[in-house]
Amino acid sequence: MGDVVIGARSGAGEPEGSGGRAARSAESGASSASVEDAAAQTADEHGDGTEGPTGGSSESHRPDAESADQSESQAPGKQRKQRSFWKELPILVGIALVLALVIKTFFVQAFSIPSESMQNTLQVGDRVLVDKLTPWFGAEPERGEVVVFHDPGGWLNDEPTPQSSNSFVRGVQDVLSFVGLMPSANEKDLIKRVIAVGGDTVECQGTGPVKVNGVALNEPYVYQGNTPCGDHPFDPVKVPNGRIWVMGDHRADSLDSRFHMDQPGGGTVPVGNVIGRAFVVAWPVGHWSTLSVPNTFDQKGLAAAAPLAPPVAGAVGAVALFPLVRRVRERRDGRKDS
């Protein structure tokens, strides 16, 4: 077949003798071989790029067939449709709400400042973040901390609960406050500064200063123009164990422990009512600040009454027992010598 094709292309002007035919046959054979080599080379160049055997055309085309089968097997995987964003959105929202609920329950919760009782440390409308994790490990409030606590009873009886007149807005607020993304408008919680803890004696005579265990406090956080006692000084109060004495920084506009001394607990708040410590003002951005413990509460003698009692008692006991211990040793040594 190759001879016919090559012969047809060799031209009609040549002689048709036997020698010429033989010559043409030899040339045709050589041309046919070169055509087949060129065809094989072309097939290799159009293959999958692998170097296969050079013997036959069927072997040279196997890589192409395997590549085609492989591409066909991979085609369904490539054509898989990705899940629509709108189908994934409810899942993402659900996960976010669950995480927010867990964080609010065990870690951090936002609270809104409803009154002026903590000015100028906190302004009306400020949002503070409260650490709820630490109390889970048994930590109790310390002097100088700003804490949020549940009404111990009778402190907010006359305070109206702020709510929107729009039912839809109220519903959204309830949902967001439930998961901790918005301060609750239904819970009656208070925010004050811890002045004394269980075992302390606190007082504020005349215009002040406030004294804890006989040590005067330097209170730069008190609202400008107010005296440390405000308009409600009080005699020494012994804070029971497991309770705290709290006061607002705006002493003339804070219904704190001073105004509830006639109630059970003598104006103190149970530690169990404390939700957590407010550690940062998160909103608005212009009011951002940390709520650290003032240096005045780091005075060495502030807690001298309670911590020094056990060491003193131990020292007195050791001195009293020293003669007895000495006699026992002397008798033991005498028995060894005998």
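For the structure, check the block above.
Residues numbered from 1 in each chain as written. Predicted model: local features only at pLDDT ≥ 70, side-chain atom pairs only at ≥ 80, totals over all residues. Heavy atoms only, no water.

Just to check I follow, could you spell out the packing of aromatic side chains for this structure?
Under the definition given, this model contains 2 aromatic pairs. Note on F149 and W155: the rings are 5.8 Å apart at their centroids and 90° apart in plane angle, and the pair reads as edge-to-face. Like F149, the residue W155 is buried in the burial classification. Centroid distance F234 to W245: 4.9 Å. Interplanar angle 40°. Geometry classified as tilted. With F234 in strand β8 (residues 234-238) and W245 in strand β9 (residues 243-247), this pair connects stretches of sequence that are 11 residues apart. With respect to burial, F234 and W245 carry one shared label: buried. In this structure, R193 is placed above the aromatic ring of Y221, and the distance from its NZ or CZ to the ring centre is 4.0 Å. (Phe/Tyr/Trp six-rings, centres within 6.5 Å; stacked < 30°, edge-to-face > 60°. Buried < 20%, exposed > 50% of the residue type's maximum accessible area, 1.4 Å probe, protein only. Helix = DSSP H or I, 4+ residues; strand = E, 2+ residues; numbered from the N terminus. Lys NZ or Arg CZ within 6 Å of the ring centre and 35° of its normal.)

Can you walk me through the pairing of β9 in this structure?
Two faces make up the sheet, and in a regular strand the side chains alternate between them. With 4 of its 5 residues buried, β9 lies for the most part within the structure. Alignment of strand β4 (residues 189-197) against β9, held across 4 bridges, turns out to be antiparallel. Residue pairing across strands places V194 opposite V246, the latter belonging to β9. (Pairing = 2+ DSSP bridges.)

I keep staring at unusual backbone geometry and nothing clicks. Help me out?
With the exception of glycine, most residues fall at negative phi, and the peptide bonds are largely trans. G208 connects to P209 through a cis peptide bond whose omega is 10°. In this structure, P209 sits in the loop between β5 (201-204) and β6 (210-212). The linkage connecting W283 with the following residue, P284, adopts the cis geometry, with an omega of -5°. Its location among the elements puts P284 in the loop between β11 (274-283) and β12 (289-290). Its identity as a non-glycine residue notwithstanding, N213 has a phi of 55°, on the positive side. By secondary structure assignment, the location of N213 is in the loop between β6 and β7 (215-216).

When you look at the nonpolar core in this model, what are you seeing that I'm missing?
One broad trend across soluble globular proteins is that nonpolar side chains are buried collectively. I195, V202, V210, V212, L217, F234 and W245 are the most contacted members of the largest nonpolar core, which totals 18 residues. Put simply, the parts of the chain that give this core at least two residues each are β4, β5, β6, β8 and β9. Among residues more than four places away in sequence, those in contact with V210 are I195, V202, E203, C204, V215, A216, L217, E219, P228, M247 and R251. Counting residues in each nonpolar core, the second largest holds 13 residues, with I113, M118, V128 and V148 among its members. (Core = buried A, V, L, I, M, F, W, Y, C linked by side-chain atoms within 4.5 Å. Contact = heavy atoms within 4.5 Å.)

What should I look at first to understand the pattern of salt bridges in this one?
Side chains that differ in sign of charge can pair as their charged atoms come close. The final tally for this structure, using the stated rule, is 5 salt bridges. When the shortest N-O distance is used, the salt bridge between D200 and R143 registers 2.7 Å. Placement of the pair is D200 in the loop between β4 and β5 and R143 in the loop between β2 (127-131) and β3 (146-150), with a sequence separation of 57 residues. The class for R143 is buried, based on a relative accessible area of 19%. R251 is the salt-bridge partner of E219, the closest N and O atoms lying 2.8 Å from each other. Taken together, the residues span a long stretch of sequence, with E219 in the loop between β7 and β8 and R251 in the loop between β9 and β10 (269-270) at a distance of 32 residues. (Salt bridge = Lys/Arg side-chain N within 4 Å of Asp/Glu carboxyl O.)

Looking at this model, I keep getting lost on the sheet that holds β7. Mind explaining?
Hydrogen bonds between backbone atoms are what pair the strands of a sheet, whose relative direction is either parallel or antiparallel. Spatial ordering of the open sheet is given by β7-β6-β5-β8, a layout of 4 strands whose pairing is antiparallel. What marks the edges here is a single partner per strand, and that holds for β7 and β8. Judged from the 2 bridges that link them, β6 and β7 form a sheet pairing that is antiparallel. Counterpart to K211 in the pairing with β7 is A216.

Just checking my understanding: could you explain the pairing of β2 for this structure?
Residues V128 and V130 point to one face of β2 and are all buried, whereas R127, L129 and D131, pointing to the other face, are not buried. Here strand β1 (residues 108-112) runs beside β2; their pairing, made up of 5 bridges, is antiparallel. The residue bridging V108 from the neighbouring strand is D131, located in β2. With 5 bridges joining them, β2 and β11 adopt antiparallel strand pairing. For R127, the partnering residue across the bridge sits in β11 and is W283.

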